[in-house]
Amino acid sequence: MPAPLPQRAPRLRGAVPRIRRQPIRSTSIHEVGYDPDTRMLDVKFIGGGLYRYADVPPFLHEALLIAPSPGRFVNERIRGRFGCHRIG
C-alpha cells in the first residue's frame with residue numbers, strides 16, 4: 001500500500017514565503033512586514049537589503065511600528081537577538 005500524501009506540499013529548498021510589507025516612516029527602513037502565524041518579521045532597508053527575522057513576538061512588531069526611531073529599534077531590540085537571513 002502506498003504511503004499517504006502529505007497534507008501540505010513541502011516547501012522547496014530556497015523558496016521564500018511572501019510576507020506582505022508596509023511602508024514605514026524611517027530614515028533607514030523602507031518597509032516592514034510581519035506574519036503572526038509564523039512569527040517572521042521582514043525588514044527592508046532603504047539601502048536595499050531585505051532581512052527576515054525568525055520567531056519575533058507580535059508585541060515587538062507592534063512596538064517597531066510605533067518606535068520614534070525604527071532603525072534604532074531594530075538595532076537594539078531585533079538584530080542579534082533573533083535568527084536572521086538576507087532574502088533580498
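For clarity, every value in this text was computed on a predicted model and none was experimentally measured. (Residues numbered from 1 in each chain as written. Predicted model: local features only at pLDDT ≥ 70, side-chain atom pairs only at ≥ 80, totals over all residues. Heavy atoms only, no water.)

Trainee: What should I look at first to understand the overall build of the protein in this one?
Mentor: Helix and strand counts for the protein come out as two helices and five strands. A burial count over the protein gives 32% of its 88 residues as buried. A separation of at least 24 residues holds for 39% of the contacts in the protein among residues at least 6 apart in sequence. Carbon and sulfur atoms make up 53% of the accessible area of the protein, which amounts to about 6500 Å² in all. (Helix = DSSP H or I, 4+ residues; strand = E, 2+ residues; numbered from the N terminus. Buried < 20%, exposed > 50% of the residue type's maximum accessible area, 1.4 Å probe, protein only. Contact = heavy atoms within 4.5 Å. Areas by Shrake-Rupley, 256 points an atom, 1.4 Å probe, with all protein chains shown as cover.)

Trainee: Quick question: what am I supposed to make of the packing of aromatic side chains here?
Mentor: Between two aromatic rings, the relevant description is the distance of the centres plus the angle of the planes. All told, the structure shown has one aromatic pair when counted by the stated rule. Aromatic pair F45 and Y51: ring centres 5.8 Å apart, planes at 75°, arrangement edge-to-face. Overall, Y51 belongs to the partly exposed group, its relative accessible area being 25%. (Phe/Tyr/Trp six-rings, centres within 6.5 Å; stacked < 30°, edge-to-face > 60°.)

Trainee: For this particular structure, what's the right way to read helix α2 (residues 70–78)?
Mentor: Helical periodicity: at 3.6 residues per turn, an α-helix aligns residues three or four positions apart in one direction. For α2, the full list of buried residues reads P70, G71, F73, V74 and I78. Down the axis, α2 shows its buried residues gathered within 160° of arc, on one side only. Buried residues along α2 sit in contact with β2 (29–35), β3 (40–45), β4 (50–53) and α1 (58–66). Note on α2: the residue one or two positions beyond its end, G80, has a positive phi of about 85°. (Arc of directions from axis to C-beta.)

Trainee: What is the right way to look at the nonpolar core in this model?
Mentor: A general trend in soluble globular proteins is that nonpolar side chains are found buried together. Counting residues in hydrophobic clusters, the biggest one holds 15 residues, and the most contacted among them are I29, L41, V43, Y53, V56, V74 and I78. For this core, the elements supplying multiple residues, two or more each, are β2, β3, α1 and α2. Setting aside its immediate chain neighbours within four residues, V43 contacts I29, E31, G49, L50, Y51, Y53 and V74. (Core = buried A, V, L, I, M, F, W, Y, C linked by side-chain atoms within 4.5 Å.)

Trainee: Just to check I follow, could you spell out the sheet that holds β2 for this structure?
Mentor: By way of backbone hydrogen bonds, the strands of a sheet pair with one another, either parallel or antiparallel. Here we have five strands laid out as an open sheet, ordered β1-β2-β3-β4-β5, and antiparallel in their pairing. The open sheet has two free edges, formed respectively by β1 (21–23) and β5 (84–86), since each of these has just one partner strand. Put simply, the sheet's adjacent strands are angled 20° from each other on average, direction ignored. When β1 meets β2, the two strands line up antiparallel, connected through three bridges. Each bridged residue has a counterpart across the sheet, and for P23 the counterpart in β2 is E31. (Pairing = 2+ DSSP bridges. Axes fitted to C-alpha atoms, helices over the stretch in contact; angles between N-to-C directions.)

Trainee: What is the right way to look at the pairing of β3 in this model?
Mentor: Remember that side chains alternate between the two faces of the sheet whenever the strand is regular. β3 sits mainly inside the fold: five of its six residues count as buried. Remark: four residues form the turn of the hairpin made by β2 and β3, two consecutive strands paired antiparallel; R39 in that turn has positive phi of roughly 60°. Sheet topology places β3 next to β4; four bridges connect them, and they run antiparallel. Bridging across to β4, D42 finds its partner in R52. The antiparallel pairing of β3 with β4 creates a hairpin that spans four residues between the two strands, and G48 there sits at a positive phi of about 110°.

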